[in-house]
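Here are the chains, one letter per residue:
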Amino acid sequence: AVKFGAEGIGLCRTEHMFFEATRIKAMREMIVAKTVEAREAALAKILPYQQSDFEAMYKELAGRPMTVRFLDPPLHEFVPTEEADIKLLAEDLGKSVADIKAIIAGLHEFNPMMGHRGCRLAVTYPEIAAMQTRAVIKAALAVQARHPEWTMVPEIMIPLVGEVKELKYVKDVVVATADKIIKDAGIDMKYEVGTMIEIPRAALTADEIAKEAEFFSFGTNDLTQYTMSVDRGNKKVSYLYSTFNPAVLRSIKHIIACGREAGIMVGMCGEAASDPMMIPLLLAFGLNEFSMSASAILRARKLITGYSTSELQAVADKAMSFATAKEVEEYMKSFVG
Ligand code: PEP
Ligand code: MG
């Protein structure tokens, strides 16, 4: 990505780091734990893996910033579904098959996207956020010690926040954990705690959330899903899923305005940030940072630097005057060419 001109990593999803054989075992141990102590013991096994992953990434980035998103998906995604795997897990953890099945059944949700995911996990189990904070901060301190010429400022991003109270609760856990580690290390290092705005409740109260967040990042994939009430993966209703829908666009415009008003950086890490038809609108709304896959950077860079402010304003005003996603898309297509 750096070769393509990336200035950092805008979205480091952490859940994929848990799927490798040795790690998933500790993750499952954490999920089946019945007490805080047992959960913390399992998390302590995951910590060195996360930390070494972050260290490797910080080293590769050579001082460029990276936004690390804390655990986001519902926990059922980490437990086995096949009978044979359930049996193996039971043996591994010294529990009965019936016990493991009961735990897995307990994780089942009819509507997981509306359920126990994102920062809601950290609210129930703050020790998960504490472990992830340790991993990020310790990794950054280690790399900073080896490279005094870099200025490491870790960015921690709390997903699926609904309102300021929720962010404050998780941020307090992060700050208490991080400050202690930094103090013990005797190295002066700053860090930032921000949040993703991806559910309508957060979008509507973005002005309040901006008082507590040190940066905003859009999760446009989820923001579109929740604003439109359309499951991202459901083909039967995918015709309704469009980030160009006027409701989603108004939401995006409002969130950027709230962030800018509060003087914080506003970035976007959902798929929309690399869409050539969306980029002019995001620029007009005042977005500060665009996060995308490496292969999209060159084209996006050209677009980002290619428009004048007055041209962008006129296009955004026109785009916002349409009543349907289709009209907006057609108009933006004709504009971008
Ligand atoms: C998003 O929701 O836009 C996002 C970037 O997160 P994810 O796709 O991982 O839900
Ligand atoms: Mg998301």
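What you see is a predicted model, and the numbers here were worked out from it, not measured in a lab. (Residues numbered from 1 in each chain as written. Chains lettered and ligands numbered in written order. Predicted model: local features only at pLDDT ≥ 70, side-chain atom pairs only at ≥ 80, totals over all residues. Heavy atoms only, no water.)

Colleague: Just checking my understanding: could you explain the coordination of the magnesium ion (ligand 2) for this structure?
Modeller: Binding of the magnesium ion (ligand 2) to the protein goes through Glu198 (OE) and Asp222 (OD), at separations of 2.1 to 2.5 Å. One end of the pair, Glu198, is in the loop between strand S4 (192–197) and helix H8 (200–204); the other, Asp222, is in helix H10 (residues 220–228), with 24 residues separating them in the sequence. (Donors = N, O, S within 2.8 Å, 3.2 Å for Na, K, Ca; no water. Helix = DSSP H or I, 4+ residues; strand = E, 2+ residues; numbered from the N terminus.)

Colleague: Teacher, can you tell me more about the sheet that holds strand S1 (residues 9–13) here?
Modeller: Within a sheet, each strand pairs with its neighbour through backbone hydrogen bonds, oriented either parallel or antiparallel. On the basis of which strands lie adjacent, the open sheet formed by seven strands has the order S1-S2-S3-S4-S5-S6-S7 and parallel pairing. Of all the strands in the sheet, just S1 and strand S7 (289–290) have a single pairing partner and so form its edges. Alignment of strand S6 (residues 265–268) against S7, held across two bridges, turns out to be parallel. Looking across to S7, one finds that Met268 is bridged to Phe290. Along the sheet face, helix H2 (residues 36–61) touches S1 and strand S2 (66–69) and points at about 160° away from the line of S2. (Pairing = 2+ DSSP bridges. Contact = heavy atoms within 4.5 Å. Axes fitted to C-alpha atoms, helices over the stretch in contact; angles between N-to-C directions.)

Colleague: Sorry, what's going on with helix H4 (residues 97–107) here?
Modeller: Helical periodicity: at 3.6 residues per turn, an α-helix aligns residues three or four positions apart in one direction. Within the span of H4, buried status applies to Ile100, Ile103, Ile104 and Leu107. All buried residues of H4 lie within an arc of 95° about the axis, which places them on one face of the element. Facing away from the buried side of H4 by over 90 degrees, the exposed positions are Ala98, Ala105 and Gly106. Summarising the contacts, the buried residues of H4 are in contact with helix H1 (21–32) and helix H3 (83–93). (Buried < 20%, exposed > 50% of the residue type's maximum accessible area, 1.4 Å probe, protein only. Arc of directions from axis to C-beta.)

Colleague: Just checking my understanding: could you explain the site of ligand 1 for this structure?
Modeller: Arg13, Arg69, Gly219, Asn221 and Arg232 are the nearest of the 13 residues found near ligand 1. Contact distances for ligand 1 include 2.8 Å between an oxygen atom and a side-chain N or O atom of Arg13. Protein coverage of the free-state accessible area of ligand 1, which is 290 Å², stands at 94%. Taking a 2 Å distance to the grid points as the criterion, the majority of the atoms of ligand 1 fall inside the second largest pocket. (Near = heavy atom within 4 Å. Polar contact = N/O pair within 3.5 Å; in protein donor to acceptor, adjacent residues only side chain to side chain. Areas by Shrake-Rupley, 256 points an atom, 1.4 Å probe, with all protein chains shown as cover. 1 Å grid on protein atoms, 1.4 Å probe; cavity = no way out; pocket = protein on both sides within 12 Å on 5 of 7 lines; lining within 4 Å. Sits in = over half its atoms within 2 Å of the grid points.)

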